[in-house]
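If you want the building blocks of each chain, they are given just below.
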Amino acid sequence: MHRNIFKASLAALSIAAFSGGSAQAEVIDFEELINAATTQQGQTYTTPSGHFQLSAYDSVDAFTVFDSTGTASSTFSGSTSFYNISISGETVLRQVGGAAFNLSSIDLAELNLGNGSTYSVNFNGLVHGGGTVTHTFVLDGAEYGAETFDFTPFGFSNVDSVSWIQGPFPGGYHQFDNIVVSPVPEPGSICLLGVAGLIVLRCRSRRNVK
């Protein structure tokens, strides 16, 4: 009887912990727009899952939005992507609802570079609870050639938002794609997982005593 109660408790806690606290990675790849030509997508974009949102801002122009580049676009880089239409435009990534998240990687590609030169893209993250983290990636100068950049060594975890600004004119436009993100598990879910672990240990101890 007691053993069955422990098993039932363990199952319930495990379901609660994993359903509420699993940090499931999500790839923001814009593939629902794959057949589109270069098309304005508005000032904000929410992922099909409804979990993450990208916003376009500009301190110079009064109007800025995102454009998408699908297979019908002359600037297609091999994968559906987004870019900010303003040369001074800022892109901000957040989780819907404002919860903290982890940023793992992003694909970047030069757009209308024209002169073969390289330029950099600077990323700034606001760490949950205070503080900032920043890193600059240098693109290789190959027009429309996507590169994957890894944030893992640079501390872009448990952030409330990440922003980056279009490079300087001329040739500063870039496309972005395949943004790998994951939510940060809530403390309550982590506690539930710990309780489930303690129940497992207790069950094993009782079994060994018998």
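Residues numbered from 1 in each chain as written. Predicted model: local features only at pLDDT ≥ 70, side-chain atom pairs only at ≥ 80, totals over all residues. Heavy atoms only, no water.

Trainee: Is there a simple way to explain the nonpolar core in this structure?
Mentor: For soluble globular proteins, nonpolar side chains are generally found buried alongside one another. Ranked by internal contacts, the top residues of the largest apolar core, which has 29 residues, are Leu93, Phe123, Trp164, Phe176 and Ile179. Elements represented by at least two residues in this core include exactly strand S4 (52–58), strand S8 (101–110), strand S9 (120–127), strand S10 (132–138), strand S12 (159–165) and strand S13 (174–183). The contact partners of tryptophan 164, leaving out residues within four places of it in the chain, are Leu54, Gly89, Glu90, Thr91, Leu93, Ile106, Val121, Asn122, Phe123, His174, Phe176 and Ile179. (Core = buried A, V, L, I, M, F, W, Y, C linked by side-chain atoms within 4.5 Å. Buried < 20%, exposed > 50% of the residue type's maximum accessible area, 1.4 Å probe, protein only. Helix = DSSP H or I, 4+ residues; strand = E, 2+ residues; numbered from the N terminus. Contact = heavy atoms within 4.5 Å.)

Trainee: Hey, could you run me through unusual backbone geometry in this one?
Mentor: Residues apart from glycine generally show negative phi values, whereas peptide bonds are mostly found in trans. In this structure, phenylalanine 30 is a non-glycine residue whose phi angle is positive, near 60°. Mapped onto the elements, phenylalanine 30 comes out in the loop between strand S1 (26–28) and strand S2 (39–42). Its identity as a non-glycine residue notwithstanding, asparagine 158 has a phi of 55°, on the positive side. Position of asparagine 158 relative to the elements: it lies in the loop between strand S11 (147–150) and S12.

Trainee: It is not clear to me how the pairing of S12 should be interpreted in this structure. Could you clarify?
Mentor: On a regular strand, one side chain projects to one face of the sheet and the next to the other, so that they alternate. The element S12 is largely enclosed, with a buried count of five among its seven residues. Looking at chain direction, strand S7 (residues 89–95) and S12 are connected through five bridges and run antiparallel. Its bridge partner being in S12, arginine 94 is matched across the sheet by serine 161. As paired strands, S9 and S12 are joined by five bridges and run antiparallel to one another. Counted as the bridge partner of valine 127 is valine 159 from S12. (Pairing = 2+ DSSP bridges.)

Trainee: What is the right way to read the packing of aromatic side chains from this model?
Mentor: By convention here, two paired aromatic rings are described through the distance between centres and the angle between planes. Across all of its chains, the model carries 16 aromatic pairs by this definition. Their ring planes at 40° and their centres at 5.0 Å tell us that phenylalanine 123 and tryptophan 164 sit as a pair that is tilted. Of the two residues, phenylalanine 123 sits in strand S9 while tryptophan 164 sits in strand S12, which places them 41 residues apart along the sequence. Classification of tryptophan 164 as buried rests on a relative accessible area of 2%. (Phe/Tyr/Trp six-rings, centres within 6.5 Å; stacked < 30°, edge-to-face > 60°.)

Trainee: I keep staring at the environment of phenylalanine 66 and nothing clicks. Help me out?
Mentor: Take phenylalanine 66: it is sitting in strand S5 (residues 66–69). Expressed as a C-alpha distance, the spacing of phenylalanine 66 and alanine 56, which sit 10 residues apart in the sequence, is 6.6 Å.

Trainee: How do you make sense of the pairing of S13 when you look at a structure like this?
Mentor: Of all the 10 residues making up S13, seven are buried; the element is thus mostly covered by neighbouring parts of the structure. Pairing between S1 and S13: three bridges, direction antiparallel. Note that in S13 the partner of valine 27 across the bridge is valine 180. The pairing of S8 with S13 spans eight bridges and is antiparallel.

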